[in-house]
Every structure is written in structure tokens, then in C-alpha cells.
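Chain by chain, the residues:
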Amino acid sequence: MPIRLRTDAPAEGHSAITDAIADLVEPAADDGLGGGGGLDLSDPIPVYLLGLDRIKAADPLEHVELVAWRYLLERPDNAQIGYADVQQRDAKAEFVSVTGGDVAAALLEAAHRAEAYAATRRGDVEIRLLEVPSVKLSAIWLVDGTDVFIPYIDGNQQSQFKWKTVSRDAVLKELADRAKFIAN
């Protein structure tokens with residue numbers, strides 16, 4: 001089944017990003033993300049933040065905070081990949097940042113894996129992003145009643161999570177273990 005996107009993203013998100021990128025790049029430049037009309041923006045994906053202090057809660061995922069909407073940016077020739085974040089403030093979309101390089105490529109790879117996973121499910125799957133900077137973990141969060149995660153940033157060198165489809169219980173245990181390590 002398809003990936004389901006939320007409908008409550010800022011209505012002006014796309015224009016906030018295209019305006020900001022146009023302001024950041026020299027008018028004559030054709031160097032990737034600032035290349036003007038050759039840039040494709042995805043639909044927005046909600047970004048949730050989980051703080052270290054909330055990892056110890058009975059259900060940490062009930063304590064996430066929606067902090068931004070992320071748009072994948074691609075050139076049609078796949079020569080450049082990036083993402084941009086927008087926040088909604090006072091009912092207005094505000095550009096926050098644009099990121100490229102390895103992190104953006106990793107997110108795009110995880111998104112492709114999420115699409116493949118969603119295709120195996122019977123119902124729609126909602127896509128979210130979970131950011132837990134205190135334990136160096138960022139993942140695509142697929143919600144369909146049995147939440148699974150596909151980490152694309154994993155700062156633990158010993159971890160085998162990156163690129164795997166990981167269950168909710170396994171992610172919560174890993175977060176708790178990392179939080180204990182940080183506390184010690």
C-alpha cells in the first residue's frame with residue numbers, strides 16, 4: 001500500500017523553500033540545489049524530536065514534539081540531493097535550513113526503503129521522521145499500527161540498525177540503553 005502523508009503541513013511550505021533557495025544562490029549559478037527550475041521538492045514529512053529526558057518515559061513516543069516539516073530536494077538527474085526544513089509559526093511557513101551531502105543521501109536511501117516496506121503492507125503507512133540527537137539516532141518512522149523504523153543516522157559505531165527495518169520495541173530498547181550510557 002502507499003505511504004500516507006499528513007495533510008496538516010504548512011500550505012506555503014514549497015514556496016518558502018523555493019524562495020529561500022533562490023535568495024541563497026547567485027542568480028547565474030547552476031550548481032545543484034540552487035539550480036532553479038530543475039529542482040523537485042517532495043511532499044512534506046513531519047519531523048518529531050525526542051529529548052533525552054523523555055526517553056525514560058513509559059512510552060517515549062507519546063512525548064515527541066513536532067518541530068518541523070522536511071522536504072526532500074532532488075535534481076531530476078539525481079546529480080544532487082538535499083532536504084529543507086520548514087517550521088510553522090503563527091500560521092506561516094518559515095524556511096529553517098537546507099542540508100545536502102551524505103546525510104541527505106542517507107535520508108533519501110531510507111525513504112526508498114520505506115516505500116518498498118510500505119508496498120508490502122495491507123493498509124496505508126504514515127511516514128514521519130524521528131530525530132533523537134542526544135543519542136545520535138535519526139530514523140524514518142512508519143506508522144501503521146505496528147510502528148517500524150528505518151534509521152539513516154546512527155552514531156553508535158557498534159550498532160547494526162542503519163538501513164534495517166527495526167521494530168518499535170527494538171528502537172525503544174536501544175534508546176533506553178543509549179540514554180543509560182549517556183547518564184553514566
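These numbers were taken from a predicted model, which means no experiment stands behind them.

Draft legend 1. Up close: the layout of surface pockets. Each pocket or cavity is described by its volume, and for the largest pocket that value is around 260 Å³. If you trace the largest pocket, you find 14 residues lining it, with Ser42, Ile45, Leu72, Ala111 and Glu115 closest to the centre. Contributions of two or more residues to the lining of the largest pocket are made by β2 (40–41), β4 (65–74) and α2 (101–119). When residues in the lining of the largest pocket are grouped by element, the largest group, 4 residues, is from α2. Grouping the amino acids of the lining of the largest pocket by side-chain chemistry returns 8 nonpolar, 2 polar and 4 charged.

Draft legend 2. Looking closely at unusual backbone geometry. Positive phi, normally seen in glycine, also occurs at Lys136, with a value near 55 degrees. With respect to the helices, strands and loops of the structure, Lys136 is situated in the loop between β7 (125–132) and β8 (137–143).

Draft legend 3. Expanded view of the pairing of β7. Within β7, 8 of the 8 residues are buried, which leaves the element mostly enclosed by the surrounding structure. The alternating pattern of β7 places Val125, Ile127, Leu129 and Glu131 and Glu126, Arg128, Leu130 and Val132 on opposite faces, both of which are buried. Both strand β1 (residues 3–4) and β7 contribute to a ladder of 2 bridges, which runs parallel. Bridging from a neighbouring strand, Ile3 pairs with Val125 of β7. Relative to β7, strand β3 (residues 45–49) runs parallel, the two being bridged by 3 bridges. Considered in β7, the bridge of Val47 is made with Leu129. In this structure, β7 lies alongside β8, joined through 7 bridges in antiparallel fashion. Of the residues in β8, the one forming a bridge with Leu129 is Ile140. What sits between the antiparallel neighbours β7 and β8 is a turn of 4 residues, in which Lys136 has the positive phi angle 55 degrees.

Draft legend 4. A look at the pairing of β8. With respect to burial, β8 is a largely interior element, 7 of its 7 residues being buried. The alternating pattern of β8 places Leu137, Ala139, Trp141 and Val143 on one face and Ser138, Ile140 and Leu142 on the opposite face, and all of these are buried. Pairing analysis gives 6 bridges linking β8 to strand β9 (residues 148–154), with the strands arranged antiparallel. Across the sheet, residue Leu142 finds its bridge partner in β9, namely Val148.

Draft legend 5. Region of interest: the pattern of salt bridges. Counted according to the given criterion, the structure contains 13 salt bridges. Between Glu131 and Arg70 there is a salt bridge, and its shortest N-O distance comes to 3.0 Å. Here the residue Glu131 occupies a position in strand β7, and Arg70 occupies one in strand β4, the gap between them amounting to 61 residues. A single burial state applies to Glu131 and to Arg70, both of which are buried. In this structure, Lys173 and Asp177 form a salt bridge, with 2.8 Å as the shortest nitrogen-oxygen distance. Remark: Asp177 and Lys173 occur in helix α3 (residues 168–183); sequence separation between them is 4 residues, near one turn of the helix. In the salt-bridge network here, residues are joined through shared partners; they are Arg4, Glu126 and Arg128.

Reading the values: rules and limits
- Residues numbered from 1 in each chain as written.
- Predicted model: local features only at pLDDT ≥ 70, side-chain atom pairs only at ≥ 80, totals over all residues.
- Heavy atoms only, no water.
- 1 Å grid on protein atoms, 1.4 Å probe; cavity = no way out; pocket = protein on both sides within 12 Å on 5 of 7 lines; lining within 4 Å.
- Points joined across faces, edges and corners; volume = space filled by probe spheres on them.
- Helix = DSSP H or I, 4+ residues; strand = E, 2+ residues; numbered from the N terminus.
- Nonpolar A, V, L, I, M, F, W, Y, C, P; charged D, E, K, R; others polar.
- Buried < 20%, exposed > 50% of the residue type's maximum accessible area, 1.4 Å probe, protein only.
- Pairing = 2+ DSSP bridges.
- Salt bridge = Lys/Arg side-chain N within 4 Å of Asp/Glu carboxyl O.

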